[in-house]
Amino acid sequence: MIKTDVVVIGAGIVGASAAWHLADQGIDAVLVEREHPASGPTGTSSAVSHLFYTEPELSLLARRGCELLKAVPEITGHPDPVFHDVGMLWACGENNEAIWRKSATRIRDEEGGGIELLTPDAVAAMAPGFNMDGIVLALWEEGYGYGDPYDATNAFAASARDKGATLKQQTRAIALETEGGRIAGVALSNGEQIAADRVICAMGPWTGPFIGEQTGVTWPVHMERHAMAVMDAGDNARGLLPFAWCDDINAHYARPEGNHNILIGTWAGGGTGVRNEDAERPDQHDDPDNFDFGSSQDESAWIAEQMLPRFPAVAELGIKPGYACIYDMSPDDLPVIDHVPGIEGLVVVAGSSGHGFKTGPAVGEEAVRLATTGSSALLESFGLSRFA
Ligand SMILES: Cc1cc2nc3c(=O)[nH]c(=O)nc-3n(C[C@H](O)[C@H](O)[C@H](O)COP(=O)(O)OP(=O)(O)OC[C@H]3O[C@@H](n4cnc5c(N)ncnc54)[C@H](O)[C@@H]3O)c2cc1C
């Protein structure tokens with residue numbers, strides 16, 4: 001029997017950050033990962049990273065998350081930056097203008113975030129080759145952009161290990177042990193038992209089924225497949241698209257990947273970004289190990305078509321093999337992070353709903369606060385009780 005203070009299950013960006021924060025505070029921790037760090041959705045994340053959200057709780061988490069991502073080389077000793085501050089440009093139409101203007105002003109004036117409100121003329125000057133149809137407002141986030149999900153996650157996990165945490169890779173948590181209404185430990189697939197009176201479950205889409213099976217508590221999350229088109233931009237990806245881009249009117253986002261590729265994603269089929277209770281939920285799945293990880297040429301072409309009216313140069317780009325992974329979603333597209341009712345010491349993080357890379361390092365930090373002190377002001381609005 002191994003004894004530790006806190007077990008973290010899952011080495012995505014959240015679990016790796018949680019293990020790092022525990023180790024940094026001198027708290028003994030074991031990080032358990034069924035494959036390797038970032039082997040789940042984190043590793044396929046587009047990792048677009050920005051402050052803008054209409055929900056203040058989410059923009060505060062994004063702000064802290066990006067701060068930690070930018071600090072990775074300094075705090076973990078990782079040799080390279082894991083954050084590309086190419087800037088983030090947003091386009092907004094008439095329908096959402098009022099709420100976007102209000103939210104961006106809030107972030108700029110009350111939260112101290114660098115975000116600029118731009119006229120369509122100013123955007124046209126910044127984005128040559130982009131069609132301005134329907135754009136009434138744009139936002140520019142200088143200093144934001146996208147991250148390297150593998151490097152960031154591995155940097156946190158490796159540094160946690162250097163600071164004294166134990167990393168168990170290719171090892172699954174198979175059962176939670178409880179004693180008298182509190183968590184007592186975790187049983188692993190290699191036959192080991194870890195005794196701990198605090199456990200943080202950060203297992204992404206695997207969380208809901210595991211928590212349901214182990215505790216009988218239904219975590220309000222579900223899974224949706226999200227596919228990415230990879231467009232061949234020769235050696236001019238950054239010339240064509242020098243920034244990260246999100247278009248609320250035509251429901252797509254894009255960013256350069258190095259100088260050869262442009263990644264495009266869409267929520268045109270429904271789901272994330274729609275924020276509407278009646279919205280159709282696209283491509284739902286029950287099993288995070290059994291869905292189409294690839295993306296067909298037709299699917300990639302359909303994704304690229306969402307960007308085409310805005311950026312006709314897309315038609316000139318080649319299509320490379322696309323890929324897909326799972327969003328762990330909640331009913332309101334916001335994370336569900338809380339103690340499990342009736343089991344003291346067990347904290348669950350799930351339902352990152354497509355936002356979870358940029359917020360991940362902050363969620364890991366706050367999950368540690370929740371597990372070790374019993375509360376976290378930043379996570380207060382993400383509790384289970386909102387669905388009661
Ligand atoms: C295609 C795609 C694009 C995205 N784009 C963006 C974006 O642009 N910006 C953004 O902010 N977010 C984006 N996201 C969302 C973001 O990637 C996720 O919200 C985030 O990575 C979730 O991190 P996590 O640590 O919570 O979980 P995960 O990455 O799901 O990690 C969970 C880990 O738990 C492990 N695990 C599961 N079961 C067990 C077990 N029994 N025992 C041990 N380990 C276990 C898994 O192997 C996995 O490594 C995107 C997601 C996808 C799929």
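If you're wondering where the values come from, they're calculated on a predicted model, not measured in any experiment.

**Quick look at the overall build of the protein chain**
Part 1 of the reasoning: Helix and strand content of the protein chain: 11 helices and 23 strands.
Part 2 of the reasoning: By the compact-globule yardstick of 21 Å for 388 residues, the protein chain fits well, its C-alpha radius of gyration being 21 Å.
Part 3 of the reasoning: Considering only C-alpha atoms, the protein chain reaches an extent of 65 × 45 × 40 Å along its principal axes.
Part 4 of the reasoning: Counting over 388 residues, the protein chain shows a buried share of 50%.
Part 5 of the reasoning: Taking the contacts inside the protein chain whose residues are at least 6 apart along the sequence as the reference set, 71% of them involve residues at least 24 apart.

**Remarks on the sheet that holds strand 11 (residues 173-179)**
Part 1 of the reasoning: Judged by pairing direction, the sheet is mixed, and its 4 strands sit side by side in the order 1-13-12-11 without closing on themselves. Each having just a single partner strand, strand 1 (2-3) and strand 11 make up the two edges of the open sheet.
Part 2 of the reasoning: Of the pairings in the sheet, the one linking strand 12 (residues 182-188) to strand 13 (residues 193-195) comprises 3 bridges and is antiparallel in character. Across the sheet, the residue bridging to valine 186 is isoleucine 194, located in strand 13.

**Notes on the site of the ligand**
Part 1 of the reasoning: Around the ligand sit 40 residues, and of these Gly10, Gly12, Gly40, Gly204 and Gly356 come closest.
Part 2 of the reasoning: When residues of the shell around the ligand are traced back to their parent elements, those giving at least two are helix 1 (13-24), helix 2 (41-44), strand 15 (222-232), strand 21 (318-329) and helix 11 (356-373).
Part 3 of the reasoning: Sorting elements by how many residues they give to the shell around the ligand places helix 11 first, with 4 residues.
Part 4 of the reasoning: The class makeup of the residues in the shell around the ligand is 19 nonpolar, 16 polar and 5 charged.

**Observations concerning the domain arrangement of the protein chain**
Part 1 of the reasoning: Taken domain by domain, the protein chain comprises domain 1 (2-44 + 150-220 + 332-387) and domain 2 (86-142 + 222-329).
Part 2 of the reasoning: Here the C-alpha centre of domain 2 lies 29 Å away from the C-alpha centre of domain 1.
Part 3 of the reasoning: Taken together, the contacts link 12 residues of domain 1 with 11 residues of domain 2.
Part 4 of the reasoning: Its residues assigned to classes, the side of domain 1 that touches domain 2 comprises 4 nonpolar, 7 polar and 1 charged.

**Observations regarding the packing of helix 3 (residues 56-70) against helix 11**
Part 1 of the reasoning: Interhelical geometry of helix 3 versus helix 11 gives an angle of 85° and a closest axis separation of 7 Å. The pairing of helix 3 with helix 11 is recorded here as roughly perpendicular in orientation. Contacts from Leu58, Leu61, Ala62, Arg64, Gly65, Cys66, Leu68 and Leu69 of helix 3 reach helix 11 at Lys358, Thr359, Gly360, Pro361, Ala362 and Val363.
Part 2 of the reasoning: Here the residues of the contact of helix 3 with helix 11 sort into 9 nonpolar, 3 polar and 2 charged.

**Let's talk about the pairing of strand 3 (residues 29-32)**
Part 1 of the reasoning: Neither face of strand 3 is left uncovered, since the one carrying Ala29 and Leu31 and the one carrying Val30 and Val32 both have all their residues buried.
Part 2 of the reasoning: Inspection of the sheet shows strand 2 (residues 6-9) paired to strand 3 by 4 bridges, in the parallel sense. Within strand 3, the position partnered with valine 7 by the bridge is valine 30.
Part 3 of the reasoning: This β-α-β element, strand 2 to helix 1 to strand 3, shows right-handed connectivity.

**A look at the sheet that holds strand 5 (residues 83-84)**
Part 1 of the reasoning: Reading across from one edge, 4-9-5 is the order of the 3 strands in this open sheet, with antiparallel pairing throughout. Each of the sheet's edge strands pairs with one partner strand only, and the pair in question is strand 4 (48-49) and strand 5.
Part 2 of the reasoning: Relative to strand 9 (residues 145-147), strand 5 is paired through 2 bridges, and the arrangement is antiparallel. When the bridges of strand 9 are listed, histidine 84 appears paired with tyrosine 146.

**Some thoughts on the packing of helix 1 against helix 7 (residues 149-162)**
Part 1 of the reasoning: Where helix 1 meets helix 7, the closest approach of the two axes is 8 Å, and the angle between their N-to-C directions is 30°. Classified by the angle between their axes, helix 1 and helix 7 sit roughly parallel to one another. For the pair helix 1 and helix 7, the crossing hand works out as left-handed. Counted together, Ile13, Ala16, Ser17, Ala19, Trp20 and Ala23 of helix 1 and Pro149, Ala152, Thr153, Phe156, Ala157, Ser159 and Ala160 of helix 7 form the full contact between these two elements.
Part 2 of the reasoning: Among the residues forming the contact of helix 1 with helix 7, the class breakdown is 10 nonpolar, 3 polar and no charged.

**A word on the environment of alanine 158**
Part 1 of the reasoning: With respect to the element layout, alanine 158 can be found in helix 7.
Part 2 of the reasoning: Taking the C-alpha atoms as reference, alanine 158 lies 8.9 Å from histidine 78; in sequence the two are 80 residues apart.

**Section: the pairing of strand 15**
Part 1 of the reasoning: In terms of residue burial, strand 15 counts as a mostly covered element, since 8 of its 11 residues are buried.
Part 2 of the reasoning: Where strand 15 lies against strand 21, 10 bridges are found, and the strand directions are antiparallel. In the strand pairing of strand 21, histidine 226 is matched with cysteine 325.
Part 3 of the reasoning: In this structure, strand 15 lies alongside strand 19 (residues 284-285), joined through 2 bridges in antiparallel fashion. In the sheet register, glutamate 224 faces strand 19, and the bridge partner there is glutamine 284.
Part 4 of the reasoning: The pairing of strand 15 with strand 18 (residues 261-266) spans 5 bridges and is antiparallel. Among the inter-strand pairings, methionine 228 is bridged to a residue of strand 18, identified as glycine 265.

Scoring rules and cut-offs
- Residues numbered from 1 in each chain as written.
- Predicted model: local features only at pLDDT ≥ 70, side-chain atom pairs only at ≥ 80, totals over all residues.
- Helix = DSSP H or I, 4+ residues; strand = E, 2+ residues; numbered from the N terminus.
- Rg over C-alpha atoms; globule rule 2.2 N^0.38 Å.
- Buried ≥ 20, exposed ≤ 12 C-beta atoms within 10 Å, placed from the backbone.
- Contact = placed C-beta atoms within 7 Å.
- Pairing = 2+ DSSP bridges.
- Near = placed C-beta within 6 Å.
- Nonpolar A, V, L, I, M, F, W, Y, C, P; charged D, E, K, R; others polar.
- Domains from an automatic or database assignment.
- Axes fitted to C-alpha atoms, helices over the stretch in contact; angles between N-to-C directions.
- Parallel < 35°, antiparallel > 145°, perpendicular 65-115°, else oblique.
- Right-handed = clockwise from strand over helix to strand, strands pointing away.
- Left-handed = near helix turned anticlockwise from the far one by under 90°.

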